[in-house]
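# Observations on the three-dimensional arrangement
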Amino acid sequence: MNIALYIFIGIGCLFNLIGVIGLHRFPDFYTRLHAATKCTTFGSIFLIIAVMIQSIAIWTTEGISSPESVLSIHSFIAMIALVLTNATGAHAIARAGHRSGVKPVRAVVDDIDGAKIND
Amino acid sequence: MMWISVAIALVIFIIVALIRLIIGPTIPDRLVALDTINTIVIVIMIVLGAAFKEVLLIDVAIVYAVLSFITTLFIAKYIEKGNF
Amino acid sequence: MAFLVTSITVYIFYLLMTTSSGNLLLWSKEELIIGGVLAIVVGALTKNILVKKDLRMLSPRRIFLFLIYLIFVWFPALAVANIDVAYRVITGKINPGIVKIQPKLPNDLSLMILANSITLTPGTLSVEVDEKTNALYVHWINVDKAALKKMPRDPKYVCGKFPEWARRIAG
């Protein structure tokens, strides 16, 4: 049980680190958004699952009315909120960045340039 | 002890992202950094909630997730149009 | 009907948030009553926002398919996406571009599922949507030369089997 916990925490911290480094390594705003959104979402899912594993391990020994059961259920709801809001927020940022006139750097193709968009 | 060290590592990641928030260069870049910081703050709250066995911190994390999402949407709308 | 669906969803969330507050099963009497009143108020206020007379997601088959999709299709793709981004962060090899795809999806819900899946899966990020024709503009971090022959591009190269899944779940 402890080993699984350490593996989940390790994966979570590693991907959060990669996401943050990606903010500095990539040349333009769209590619930075790739690193920031995907890696921090994935790392956060793993860290929250680690919290849930620990709580459920205590929960199964102490019964359902212990505070740990509440902790795992609330962590699960926080995870759902995090995944939904991260994906939608990334879409909003990308669209705002494009409409404010940021062009992708080193792009080989740009279909959106000059396209007519109805909304 | 383990959860506290995870929280400290995450705080270091926030500081690294904060450098991108300060140097920019464009406003959407800063918004990306802000979004990253918000996500990591939510995770820190949940990790600290597990460290201190405090359910209240996780409730705050849920509300923070929703509020930071709305903040991101409004800043994005502001960048898009130039005003509200 | 829309009112009922919204109220029950809100009530389930309220009950999840207040577990182990008393000894009536898991909840105390006060929490159950206040949750019910709040669920009715919220359901009456927001019934036209959440479901909009579109009750197709109530069928158990679609919910089951959605869960299958989340666990066996979406989550492995997310893992692959992260390893891909980690590789590109370390080596710095990128070949970006914005492409237009026309997934031919019938309604807004399936388009939302597809756009959110695209954002979290390998190498792609949805940037803009054309609401009249349901075309998506996708930022692609490693553009495949084979996809650039046709216009709009073939969704097969950009997002694999996701359009079929979105159509199957919400179409």
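Remember, predicted model here, so these are calculated numbers, not experimental data.

## Regarding the overall build of chain A
Along the backbone of chain A there are 3 helices and 0 strands. In terms of C-alpha radius of gyration, chain A reaches 19 Å, well past the compact-globule figure of 14 Å for 119 residues. When its C-alpha atoms are laid out on the principal axes, chain A stretches across 60 × 30 × 15 Å. Considering chain A as a whole, with its 119 residues, one finds that 59% of them fall into the buried category. Here the analysis covers contacts within chain A between residues at least 6 apart in sequence; of these, 65% occur between residues at least 24 apart. Only carbon and sulfur atoms are counted for the fraction: they give 65% of the accessible area of chain A, which is about 4,500 Å².

## Remarks on the packing of helix α3 (residues 67–99) of chain A against helix α2 (residues 27–52) of chain B
Remark: α3(A) packs on α2(B), axes separated minimally by 11 Å, with the N-to-C direction vectors making an angle of 180°. Put simply, α3(A) runs roughly antiparallel to α2(B). Across the interface between the two elements, A:L71, A:S75, A:A78, A:L82, A:N86, A:I93 and A:G97 of α3(A) pack against B:P28, B:L31, B:V32, B:D35, B:T39, B:I42, B:I46, B:G49 and B:A50 of α2(B). Split by residue class, the contact of α3(A) with α2(B) holds 10 nonpolar, 5 polar and 1 charged.

## Considering a positive patch on the surface
The grouping of C:K104, C:K150, C:K156, C:K161, C:R167 and C:R168 at the surface amounts to a positive patch. Mapped onto the elements of the fold, C:K161 is located in the loop between α5 (155–159) and α6 (162–170).

## Concerning the side chain of C:S110
Position of C:S110 relative to the elements: it lies in helix α4 (residues 108–119). Excluding residues within four positions of it along the chain, C:S110 makes contact with C:L105, C:A166 and C:A170.

## Things to note about helix α3 (residues 55–81) of chain B
Taking 1.5 Å of rise per residue, the 27 residues of α3(B) would be expected to cover 39 Å, and the 40 Å separating its terminal C-alpha atoms lies within 8% of that figure. Taken together, the buried positions of α3(B) are B:V55, B:I58, B:A61, B:I62, B:A65, B:S68, B:F69, B:T72, B:A76, B:I79 and B:E80. On its buried side, α3(B) packs onto α3 of chain A, α2 of chain B together with α1 (2–17) of chain C. Backbone geometry just downstream of α3(B) places B:G82 in the positive-phi region, at approximately 90°.

## Here's the deal with the interface of chain C and chain A
Counting from both sides, the interface comprises 48 residues of chain C and, opposite them, 49 residues of chain A. For the pair chain C and chain A, the two sides together bury roughly 4,200 Å², of which 70% comes from carbon and sulfur. Three residues stand out in chain C for area buried against chain A, namely C:V89, C:I98 and C:E128, and they jointly supply 15% of the buried area on that side. Salt-bridge contacts for C:E128 lead to A:R95; the nearest nitrogen and oxygen are separated by 3.7 Å. Across the contact surface, chain C and chain A share 8 residue pairs in polar contact (both at pLDDT 80 or more). For the side of chain C that touches chain A, the secondary structure elements donating two or more residues are α1, α3 (60–91), β1 (97–101), α4, β2 (124–130) and β3 (135–140) of chain C. It is α3(C) that contributes the most residues to the side of chain C that touches chain A, 13 residues altogether. Its residues assigned to classes, the side of chain C that touches chain A shows 27 nonpolar, 14 polar and 7 charged.

Each value, and the rule that gives it
Residues numbered from 1 in each chain as written. Chains lettered and ligands numbered in written order. Predicted model: local features only at pLDDT ≥ 70, side-chain atom pairs only at ≥ 80, totals over all residues. Heavy atoms only, no water. Helix = DSSP H or I, 4+ residues; strand = E, 2+ residues; numbered from the N terminus. Rg over C-alpha atoms; globule rule 2.2 N^0.38 Å. Buried < 20%, exposed > 50% of the residue type's maximum accessible area, 1.4 Å probe, protein only. Contact = heavy atoms within 4.5 Å. Areas by Shrake-Rupley, 256 points an atom, 1.4 Å probe, with all protein chains shown as cover. Axes fitted to C-alpha atoms, helices over the stretch in contact; angles between N-to-C directions. Parallel < 35°, antiparallel > 145°, perpendicular 65-115°, else oblique. Nonpolar A, V, L, I, M, F, W, Y, C, P; charged D, E, K, R; others polar. Patch = residues over 30% accessible without salt bridge, like charges linked within 9 Å, V, L, I, M, F, W, Y side chains within 5 Å. Salt bridge = Lys/Arg side-chain N within 4 Å of Asp/Glu carboxyl O. Lys, Arg positive; Asp, Glu negative; His and termini not counted. Charge placed at Lys NZ, Arg CZ, Asp CG, Glu CD. Expected span 1.5 Å × (residues − 1). Buried area = accessible area lost by both parts, 1.4 Å probe. Polar contact = N/O pair within 3.5 Å; in protein donor to acceptor, adjacent residues only side chain to side chain.

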